[in-house]
Amino acid sequence: MYQILLIDDDETILDGLRAVLEHHFPDRFLCAAAADGEEAVKRMQKEYYHLIISDNKMPKLGGLSLLKILKKHEISSCVIILSGFDDYSYIRSALKTGAYDYLLKPVNIRQLVDMIEHLTPDLTHHTPSCLPLSFRIEAEEEKEQTEYFDLPLSGSPKTEEGLKRELELLRQSVCDMDSSSCYDMIDLVFSDLSGDTLDHEKFREDLLSFVYSLMEHNSSMIQIIVEHKLTRYDISNHIKNIPCLSQLKELFKEDLLLYIHRLTAIQNERNHHMVRKAKDYIKAHISDPLPVTDISAQFQLSPYYFSTLFKNLTGMCIRDYIVQERIEKAKVLLQNPNKKIQDIALESGYQDAAHFNRAFKKITGLSPSKYRTFDQSMYGD
């Protein structure tokens, strides 16, 4: 029988994998389990395991680090990596380091069983060997720390306080949809990072906190980030799994610039919708005074911001648009010969006929009464 080691910090997953193996391969494998990387290493110092099925995110030691250790010590165990994230960069690194294959959680049982059926004949050719008793995880963690911070320093190593200040500025750039500033800020965030002043796991936590702050400050970012889960633009997955800063920096840029593009599109769509609603509001309240403060309040925006946005999207300032709509309303009312000019002025939003006459003539070049006569002569019977 072959020895198999299952590694996952979720006991239900370990129980599920064990049940699958006992059901499909009752006389082929002896199963052992470990809840974290440290326990797995201790077992591998005492026993050789023909097959290892390991989660990629484990306390003490990650799946990719475990693969590197096995490769370094020439342990011929066949390794299948399990993960809750579909990320090409991680898959590529795992396969390049020696993984037999890679499966996403929740595991497709048929796929796992077929994979094991396919690899089992090769297990007989493996030479059993164990990790040396002198092996220490601490030494590997120190090495991993050095390998993670692989970007050259140009100045003094950055402190965590300095990193957090830069991440706050980066958040502002993203929320302001400023691609150029965002690009520059990412360069700054990833400059002068060193394992001497930063722990790489704490660095990852700070980057994840940055992602959560994006979602907290702009609800659209929740939609965007969730939209890209399990794709090549899954920023949380990149932060958790990319093994070195040089790779993470490039993916970070790709992710955030795409997010800004989507955020801009969503914001533009909302702004155009808001302008349409504002126009509807103006039309429905054309007889009212219609101060800009009342219109902007419908959208919980400042009058200045709303006026600027309206002009940018329509090419016309809000006050001119209101005048235009009032005059269009008046033109329709003037078609009724029985309506008095004073009444038409009031229904069009003007408090007196004199003010109405001046505004109407400025737009049409005719007084209301002359316009009515001209209109009736053009279209009357």
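Look above for the structure.
In every chain, residue numbers begin from 1 and rise along the written sequence. Only residues with pLDDT of at least 70 get local features here, since the model is predicted, and only at 80 or more are side-chain atom pairs given and counted; chain-wide, interface and lining totals rely on the full set of residues. Just so you know, side-chain values use all the structure's heavy atoms and leave hydrogens and water out.

*Asks:* Mind showing me how you'd approach the pairing of strand 2 (residues 29-34) here?
*Replies:* Consecutive side chains of a regular strand alternate in pointing toward one face of the sheet and then the other. By this definition, two strands are paired if DSSP reports at least two bridges between them. Strands are runs of DSSP state E lasting at least 2 residues, helices are runs of H or I lasting at least 4, and numbering of each runs from the N terminus. Bridging between strand 1 (residues 2-7) and strand 2 involves 6 bridges; their strand directions are parallel. Opposite Ile4, over in strand 2, you have Cys31 as the bridge partner.

*Asks:* Explanation requested: the nonpolar core in the structure shown.
*Replies:* The set of buried Ala, Val, Leu, Ile, Met, Phe, Trp, Tyr and Cys residues whose side-chain atoms join them within 4.5 Å is what this entry labels a nonpolar core. For each residue, the accessible area found with a 1.4 Å probe, counting protein chains only, is set against the maximum for its type, and the residue is called buried under 20%, exposed over 50%, and partly exposed in between. Membership of the largest hydrophobic core comes to 37 residues, with the highest contact counts inside it found for Leu170, Phe190, Phe203, Phe252 and Leu256. Counting only elements with at least two residues in this core, the list comes to helix 7 (160-175), helix 8 (179-189), helix 9 (200-217), helix 10 (219-227), helix 11 (235-241) and helix 12 (245-284). Broken down by element, the residue count for this core peaks at 9 residues, all from helix 12. If we ignore the near neighbours within four places in the chain, the residues touching Leu256 are Leu170, Val174, Cys182, Ile186, Phe210, Leu214 and Ile235. Met44, Ile69, Val79 and Phe135 belong to the second largest nonpolar core, which has 27 residues in total. Note on definitions: a residue-residue contact is assigned when non-hydrogen atoms from the two residues lie within 4.5 Å.

*Asks:* What is the right way to look at the pattern of salt bridges in this model?
*Replies:* Two side chains of opposite charge can pair, provided their charged atoms sit close to one another. By salt bridge we mean one thing: a side-chain nitrogen of Lys or Arg within 4 Å of a carboxyl oxygen of Asp or Glu. Counted by the stated rule, this structure contains 20 salt bridges. Put simply, Arg28 and Glu117 hold a salt bridge, and the shortest N to O gap is 3.3 Å. Taken together, the residues Arg28 in the loop between helix 1 (11-24) and strand 2 and Glu117 in helix 5 (residues 109-123) connect sequence positions 89 residues apart. For Glu117, a relative accessible area of 37% translates into the label partly exposed. Each of the salt bridges in this network shares a partner with another, and the network as a whole consists of Glu160, Lys164, Lys202 and Asp206.

*Asks:* Looking at this structure, I do not really get empty space enclosed by the protein. What am I missing?
*Replies:* Over the atoms, a rolled probe matching the size of one water molecule traces out where space is still vacant. Put plainly, a pocket is an open set of points on a 1 Å grid over the protein atoms alone with protein on both sides within 12 Å along at least five of seven lines, a cavity is a set where a 1.4 Å probe fits but cannot get out, and a lining residue has an atom within 4 Å of a point. Grid points are joined across faces, edges and corners, and a volume is the space filled by probe spheres set on the points. If you walk through the whole model with that rule in mind, you get 1 cavity of 30 Å³ or more. What the largest cavity holds in volume is close to 40 Å³. A class-by-class count of the residues in the lining of the largest cavity yields 6 nonpolar, 2 polar and 1 charged. Charged means Asp, Glu, Lys or Arg here, nonpolar means Ala, Val, Leu, Ile, Met, Phe, Trp, Tyr, Cys or Pro, and polar covers whatever is left, Gly included.

*Asks:* What am I meant to see in the state of the cysteines here?
*Replies:* Every disulfide links exactly two cysteines, by a covalent bond between their sulfur atoms. To count as a disulfide, a pair of cysteine sulfur atoms needs to be within 2.5 Å. Within the structure shown, the criterion is met by 0 disulfides. No disulfide involves Cys78; its sulfur sits 15 Å from that of Cys31, the nearest cysteine. Judged by relative accessible area, Cys78 falls into the buried class, the value being 10%. Of all cysteine sulfurs, the one in Cys182 lies closest to Cys175, which takes part in no disulfide; the gap is 10 Å.

*Asks:* In this structure, what is going on with the side chain of Lys249? I would like to understand it.
*Replies:* In this structure, Lys249 sits in helix 12. Owing to a relative accessible area of 16%, Lys249 belongs among the buried residues under this scheme. Not counting residues within four places of it along the chain, the set of residues in contact with Lys249 comprises Leu151, Ile186, Asp187 and Phe190.

*Asks:* Explanation requested: the sheet that holds strand 3 (residues 51-55) in the structure shown.
*Replies:* The strands making up a sheet associate through hydrogen bonds between their backbones, and the pairing can be parallel or antiparallel. Ordered in space as 2-1-3-4-5, the 5 strands form an open sheet in which the pairing is parallel. Of all the strands in the sheet, just strand 2 and strand 5 (101-104) have a single pairing partner and so form its edges. Going from strand to strand, the sheet's axes swing by 20° on average, the running direction of each strand aside. The strands that helix 2 (residues 37-44) touches are strand 1, strand 2 and strand 3; relative to strand 2, the one it contacts most, it runs at about 135°. In this analysis, axes come from line fits to C-alpha atoms, helices being fitted only over the stretch in contact, and the angle between any two N-to-C directions falls in the range 0 to 180 degrees.

*Asks:* Whenever I open this one, the layout of surface pockets confuses me. Can you help?
*Replies:* Looking at the second largest pocket, its volume works out to about 220 Å³. Pro289, Leu290, Arg319, Ile322, Val323, Arg326, Gly349, Tyr350, Gln351, His355 and Ala359 are the residues that line the second largest pocket. Only helix 15 (318-334) and helix 17 (353-364) provide two or more residues apiece to the lining of the second largest pocket. Broken down by element, the residue count for the lining of the second largest pocket peaks at 4 residues, all from helix 15. Across the lining of the second largest pocket, the residue classes break down as 6 nonpolar, 3 polar and 2 charged.

*Asks:* Looking at this structure, I do not really get unusual backbone geometry. What am I missing?
*Replies:* Excluding glycine, most residues fall at negative phi; most peptide bonds, likewise, are trans. Of the consecutive residues Lys105 and Pro106, the connecting peptide bond is found in the cis state with omega at -5°. With respect to the helices and strands, Pro106 occurs in the loop between strand 5 and helix 5. For Glu74, which is not glycine, the phi torsion reads 55° and is therefore positive. Tracing the backbone through its elements, the reader meets Glu74 in the loop between helix 3 (63-72) and strand 4 (78-83).

*Asks:* What is the right way to look at the packing of aromatic side chains in this model?
*Replies:* Note on aromatic pairs: each is described by the distance of the centres and the angle between the planes. For Phe, Tyr and Trp, where Trp contributes only its six-membered ring, two rings pair if their centres lie within 6.5 Å, and the inter-plane angle classes them as stacked under 30 degrees, edge-to-face over 60, or tilted in between. In total, this model carries 14 aromatic pairs according to the counting rule given. An angle of 90° between the planes, with centres 5.3 Å apart, marks the rings of Tyr148 and Phe149 as edge-to-face. Accessibility assignment for this pair places Tyr148 and Phe149 in one class, buried. Judged by centre distance (6.2 Å) and plane angle (80°), the rings of Phe190 and Phe203 are edge-to-face. Of the two residues, Phe190 is situated in the loop between helix 8 and helix 9 and Phe203 in helix 9; the sequence distance between them amounts to 13 residues. Accessibility assignment for this pair places Phe190 and Phe203 in one class, buried.

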